[in-house]
Amino acid sequence: MTPSIKLHNPALGITFIVVGILAISVNDMLIKLLSGGYPLHQMVFTRSLIGIMFTLVLVQVEGGWGILRTNRPGLHLLRGLMLVTANLTFFSALAVLSLAEATAIFFIGPLLITLLSIPVLGEKVGPLRLGAVVVGFIGVIIMTRPWQSGTERQVSLLIYLLPIVAALTYAITQVLTRKLGTTTKASVLAAYLQALFILVSLCFWAVAGDGRFAEGLESESLIFLLRAWVWPEGRDIYLFILLGLNAGIIGYTLAQAYRQADAAIIAPFEYLGLPLAVFWGWYMWGDLPDMVVAIGILLILGSGLFVFLRERQKKLRALANKEAHRRF
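Fair warning: this is a prediction, and the values are worked out from it, not measured in the lab.

## Focus: the overall build of the protein chain
Moving on, step 1. Of the regular secondary structure elements, the protein chain holds 13 helices and zero strands.
Moving on, step 2. Seen in sequence order, the protein chain has helices and strands lined up from the N terminus as α-α-α-α-α-α-α-α-α-α-α-α-α.
Moving on, step 3. Over its C-alpha trace the protein chain gives a radius of gyration of 20 Å, about what one expects of a compact globule, namely 20 Å for 328 residues.
Moving on, step 4. Each principal axis of the C-alpha distribution contributes one length, and for the protein chain these read about 70 × 55 × 35 Å.
Moving on, step 5. Going through the 328 residues of the protein chain one by one, you find that 49% of them count as buried.
Moving on, step 6. Looking at the protein chain alone, contacts between residues at least 24 apart form 86% of all its contacts between residues at least 6 apart.
Moving on, step 7. Surface accessibility of the protein chain: about 16100 Å² in total, with carbon and sulfur atoms responsible for 70%.
Moving on, step 8. Distance between charge centroids for the protein chain: 17 Å, based on 25 positive and 17 negative side chains.

Written out as structure tokens, the structure reads:
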């Protein structure tokens with residue numbers, strides 16, 4: 001049995017998460033850029049195939065093939081399935097929503113976890129954090145504009161549910177990363193994920209690779225998910241290679257970040273992804289959030305950061321009280 005190792009290096013964890021978020025922003029931009037001509041599962045397969053080659057080199061650096069052995073396959077599988085779900089739902093939303101909109105809604109993950117901690121973990125959530133959760137969901141409501149009628153709407157409300165599902169499953173992934181990271185190297189965590197992505201994308205190809213299920217569909221998200229595989233041409237070949245290299249960087253840096261420090265320290269830095277999404281949306285497509293979307297983004301951003309900072313303050317206070325009791 002691999003011994004449990006208590007890791008706590010906040011500075012290193014923050015460095016890894018910043019690099020990882022930069023890589024994720026490039027990844028999201030590339031997938032949106034390619035979403036009009038290729039199926040999502042083809043992109044996932046290509047990036048994971050290239051990414052796992054990069055990751056297996058890191059496995060050798062961190063200890064060799066022997067470190068791939070695990071006595072917790074169930075948790076690794078659950079973590080992988082959660083991240084696969086997060087990717088599929090978020091990227092399907094990207095086919096329709098702007099980068100800024102999809103990313104902003106995705107960041108309600110911490111608010112969902114705060115709510116779930118009440119019935120699932122029996123935690124007490126004070127009025128300030130509950131107020132922040134309410135503010136965040138008001139931001140989502142403003143962005144989705146449910147008051148608009150069907151003829152006025154450009155995007156179905158169901159599309160907005162996709163990044164919400166992605167947020168929840170991604171948050172569960174990071175909790176499991178912290179749990180598994182005490183006994184598993186970051187390269188191994190990344191390798192298992194890449195392998196599962198390859199398996200899932202091959203299953204999609206076997207069932208829907210000829211594009212027959214995309215015929216007659218009107219939903220851009222479903223078409224993106226189910227259209228036929230097409231061999232990339234021209235510059236797209238290099239974009240697919242970049243996707244693969246980026247996948248290796250993302251898998252390793254995120255796993256390493258959540259291994260090195262508590263989620264309460266690391267997670268707020270993920271919000272760097274929001275201004276980066278706005279930047280890429282403007283730079284690549286000339287998209288800037290209108291006033292309504294901008295207000296929603298600011299409410300979600302502010303409430304999420306408040307929840308993180310409030311939880312961190314509570315933990316520091318609890319540690320200080322514990323130390324005080326020890327002295328006496």
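## Structural notes on the packing of aromatic side chains
Moving on, step 1. Applying the stated rule across the entire model yields 14 aromatic pairs.
Moving on, step 2. With centroids separated by 5.1 Å and ring planes inclined at 80°, the aromatic side chains of Tyr38 and Phe240 adopt a geometry described as edge-to-face. Placement of Tyr38 in the loop between α1 (10-34) and α2 (40-62) and of Phe240 in helix α10 (residues 236-260) is noted, with a sequence separation of 202 residues between them. There is no split in this pair, since Tyr38 and Phe240 are both buried.
Moving on, step 3. Consider the rings of Phe45 and Trp229, whose centres lie 5.6 Å apart with planes at 45°: the pair is tilted. One end of the pair, Phe45, is in helix α2; the other, Trp229, is in the loop between α9 (220-226) and α10, and 184 residues separate them in sequence.
Moving on, step 4. When its relative accessible area of 24% is taken as the criterion, Trp229 is described as partly exposed.
Moving on, step 5. Each member of the aromatic cluster is reached from another via a ring pair, and the members are Phe90, Phe91, Phe106, Phe107, Tyr170 and Tyr271.
Moving on, step 6. The lysine or arginine in question, Lys32, covers the ring of Trp285, its NZ or CZ lying 5.8 Å from the ring centre.
Moving on, step 7. The ring of Phe197 has Arg47 lying over it, and the distance from NZ or CZ to the ring centre is 5.6 Å.

## A look at empty space enclosed by the protein
Moving on, step 1. Evaluated as defined, the whole model comprises two cavities of 30 Å³ or more.
Moving on, step 2. For the largest cavity, the lining is made up of 34 residues, of which Ile24, Asn87, Tyr170, Ile250 and Leu254 are closest to its centre.
Moving on, step 3. For the lining of the largest cavity, the elements supplying multiple residues, two or more each, are α1, α3 (73-94), α4 (99-106), α7 (157-180), α8 (186-208), α10 and α12 (273-285).
Moving on, step 4. In terms of residue count, α3 provides more of the lining of the largest cavity than any other element does, six residues in total.
Moving on, step 5. Residue classes in the lining of the largest cavity are distributed as 20 nonpolar, 10 polar and four charged.

## Some details on the environment of Ser187
Moving on, step 1. For Ser187, the location among the structural elements is in helix α8.
Moving on, step 2. Sequence spacing of Ser187 and Val59 is 128 residues, and the spatial spacing of their C-alpha atoms is 5.3 Å.
Moving on, step 3. If near-sequence neighbours (up to four positions away) are discounted, Ser187 is found in contact with Thr55, Leu58, Val59, Glu62, Ile67 and Tyr252.

## A word on α12
Moving on, step 1. When the terminal C-alpha atoms of α12 are compared, their 17 Å separation across 13 residues agrees well with the 18 Å that a helix rising 1.5 Å per residue should span.
Moving on, step 2. Buried within α12 are the following residues: Gly273, Leu274, Ala277, Trp280 and Gly281. Looking down the long axis of α12, one finds its buried residues gathered within 120° of arc, a one-sided arrangement.

## Remarks on the packing of α1 against α12
Moving on, step 1. Viewed as axis vectors pointing N to C, α1 and α12 meet at an angle of 35°, and their least axial separation amounts to 10 Å. Between α1 and α12 the crossing geometry is right-handed. For the pair α1 and α12, contact is made by Ile21, Leu22, Ser25, Val26, Met29, Lys32 and Leu33 and by Gly273, Leu276, Trp280, Met284 and Trp285, respectively.
Moving on, step 2. Tallied by class, residues from the contact of α1 with α12 come to nine nonpolar, two polar and one charged.

## Focus: the layout of surface pockets
Moving on, step 1. Of the pockets and cavities examined, the second largest pocket occupies roughly 620 Å³.
Moving on, step 2. Every residue lining the second largest pocket is counted, 36 residues in all, and those nearest its centre are Val96, Leu97, Glu101, Val155 and Tyr160.
Moving on, step 3. Those elements that place two or more of their residues in the lining of the second largest pocket are α3, α4, α6 (127-144), α7, α9 and α12.

## Comments concerning the confidence of the model for the protein chain
Moving on, step 1. Considering every residue of the protein chain, the mean pLDDT works out to 85; 91% of them sit at 70 or more.
Moving on, step 2. Under a pLDDT of 50 for its full length, residues 1-6 has, in the predicted model, eight contacts with residues more than four places off or in other chains.

The rules behind each value
- Residues numbered from 1 in each chain as written.
- Predicted model: local features only at pLDDT ≥ 70, side-chain atom pairs only at ≥ 80, totals over all residues.
- Heavy atoms only, no water.
- Helix = DSSP H or I, 4+ residues; strand = E, 2+ residues; numbered from the N terminus.
- Rg over C-alpha atoms; globule rule 2.2 N^0.38 Å.
- Buried < 20%, exposed > 50% of the residue type's maximum accessible area, 1.4 Å probe, protein only.
- Contact = heavy atoms within 4.5 Å.
- Areas by Shrake-Rupley, 256 points an atom, 1.4 Å probe, with all protein chains shown as cover.
- Lys, Arg positive; Asp, Glu negative; His and termini not counted.
- Charge placed at Lys NZ, Arg CZ, Asp CG, Glu CD.
- Phe/Tyr/Trp six-rings, centres within 6.5 Å; stacked < 30°, edge-to-face > 60°.
- Lys NZ or Arg CZ within 6 Å of the ring centre and 35° of its normal.
- 1 Å grid on protein atoms, 1.4 Å probe; cavity = no way out; pocket = protein on both sides within 12 Å on 5 of 7 lines; lining within 4 Å.
- Points joined across faces, edges and corners; volume = space filled by probe spheres on them.
- Nonpolar A, V, L, I, M, F, W, Y, C, P; charged D, E, K, R; others polar.
- Expected span 1.5 Å × (residues − 1).
- Arc of directions from axis to C-beta.
- Axes fitted to C-alpha atoms, helices over the stretch in contact; angles between N-to-C directions.
- Left-handed = near helix turned anticlockwise from the far one by under 90°.
- pLDDT = per-residue confidence, 0-100.

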